[in-house]
Amino acid sequence: MEFSDLMKEFGAKVGIPDFVPDAENVCRVDIDGMSIAFLGSADGDTLVTWAEVSDPPPEGVSMLYRVLMESMFMGRGTGGSSFSVESESGKIFLHRVDPLKILDLDSFSQMLEKFVNTLELWRKMIADFRPVAEAVKEANAEAEQVNGFGMNGFMQV
């Protein structure tokens, strides 16, 4: 199916008249307060779907990145989507690439539902991760001060 036709059918289904790609061949829709973008590739073969997940947490970023990478193993924790980090802002994004030739309105709607559910899950998990990372840092600092022993079990002098 052509990207513009798919977007037009989707727009009609969800009550967005004239849901057509912009000058950059991108369509955006707001679902449950989340902005989701769709890009039709220049060659017309693929659909790229993406959305911002979160800013990285102030602490524990390497731990979070490991969790994100592990979740992408075989698509187990991402529903087939992938994470990426925007280089300038550091924001975390979720995206997926699908061949347009296998998509129709029904399969697109199913893919989008899975994508939105995954996006909601990771937004919540990263929001919940922030206090955990901060609590781990505080616990480590407190443990280092208890009785003069550090985290490695050796006495600090």
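For clarity, every value in this text was computed on a predicted model and none was experimentally measured.

Undergrad: Explain the pattern of salt bridges here, please?
TA: Pairs can form between side chains of opposite charge once their charged atoms are near each other. A full pass over the atoms with the stated rule returns 6 salt bridges. Its salt-bridge partner being D55, residue K91 comes within 2.8 Å of it at the nearest N-O pair. Of this pair, K91 sits in the loop between β4 (82-85) and β5 (92-99) while D55 sits in the loop between β3 (46-54) and α2 (61-71), and the two are 36 residues apart along the sequence. We note a salt bridge from E70 to R66, for which the minimum N-O separation is 2.7 Å. Linking E70 with R66, this pair stays in helix α2, spanning 4 residues, or about one helical turn. By relative accessible area, E70 is classed as partly exposed at 48%.

Undergrad: In this structure, what is going on with the pairing of β4? I would like to understand it.
TA: Side chains on a regular strand alternate between the two faces of the sheet. Where β4 meets β5, 4 bridges bridge the pair, whose relative direction is antiparallel. Counted as the bridge partner of S82 is H95 from β5. Count of turn residues in the β4/β5 antiparallel hairpin: 6 residues, of which G90 carries a positive phi of about 80 degrees.

Undergrad: I keep staring at helix α1 (residues 3-14) and nothing clicks. Help me out?
TA: Spacing of three or four residues puts side chains on the same side of an α-helix, whose turn is 3.6 residues. For α1, built from 12 residues, the straight-helix expectation of 16 Å at 1.5 Å per residue is met to within 8% by its first-to-last C-alpha distance of 17 Å. Regarding α1, the residues found buried are F3, L6, M7, F10 and G11. All buried residues of α1 lie within an arc of 135 degrees about the axis, which places them on one face of the element. Across from the buried face of α1, at angles greater than 90 degrees, the exposed residues are K8 and A12. The first or second residue beyond α1 is G15, which carries a positive phi of 80 degrees.

Undergrad: Can you walk me through the sheet that holds β5 in this structure?
TA: As a general point, the strands of a sheet are linked pairwise by backbone hydrogen bonds and lie either parallel or antiparallel. Read from one edge to the other, the open sheet built from 5 strands follows the order β1-β2-β3-β5-β4, with strand pairing classed as antiparallel. Looking at which strands have only one partner, the edges of the open sheet turn out to be β1 (26-31) and β4. Across the sheet, the mean angle from the axis of one strand to that of its neighbour is 30 degrees, orientation sign disregarded. Inspection of the sheet shows β3 paired to β5 by 8 bridges, in the antiparallel sense. Counterpart to W50 in the pairing with β5 is H95. Here α1 sits on the sheet and contacts β1, β2 (34-40) and β3; the angle it forms with β2, its principal contact strand, is near 150 degrees.

Undergrad: What is the right way to read the packing of aromatic side chains from this model?
TA: Each aromatic ring pair is described using two quantities: the centre-to-centre distance and the angle formed by the ring planes. Applying the stated criterion across every chain yields a total of 5 aromatic pairs. Considering the side-chain rings of F10 and F108, the 5.1 Å spacing of their centres and the 80 degrees angle between planes classify their relative orientation as edge-to-face. Separated by 98 residues along the polypeptide, F10 in helix α1 and F108 in helix α3 (residues 105-145) bring together distant segments of the chain. Between F83 and W122, the aromatic rings sit 5.1 Å apart at their centres with planes inclined by 80 degrees, giving edge-to-face as the arrangement. One end of the pair, F83, is in strand β4; the other, W122, is in helix α3, with 39 residues separating them in the sequence.

Calculation rules
Residues numbered from 1 in each chain as written. Predicted model: local features only at pLDDT ≥ 70, side-chain atom pairs only at ≥ 80, totals over all residues. Heavy atoms only, no water. Salt bridge = Lys/Arg side-chain N within 4 Å of Asp/Glu carboxyl O. Helix = DSSP H or I, 4+ residues; strand = E, 2+ residues; numbered from the N terminus. Buried < 20%, exposed > 50% of the residue type's maximum accessible area, 1.4 Å probe, protein only. Pairing = 2+ DSSP bridges. Expected span 1.5 Å × (residues − 1). Arc of directions from axis to C-beta. Axes fitted to C-alpha atoms, helices over the stretch in contact; angles between N-to-C directions. Contact = heavy atoms within 4.5 Å. Phe/Tyr/Trp six-rings, centres within 6.5 Å; stacked < 30°, edge-to-face > 60°.

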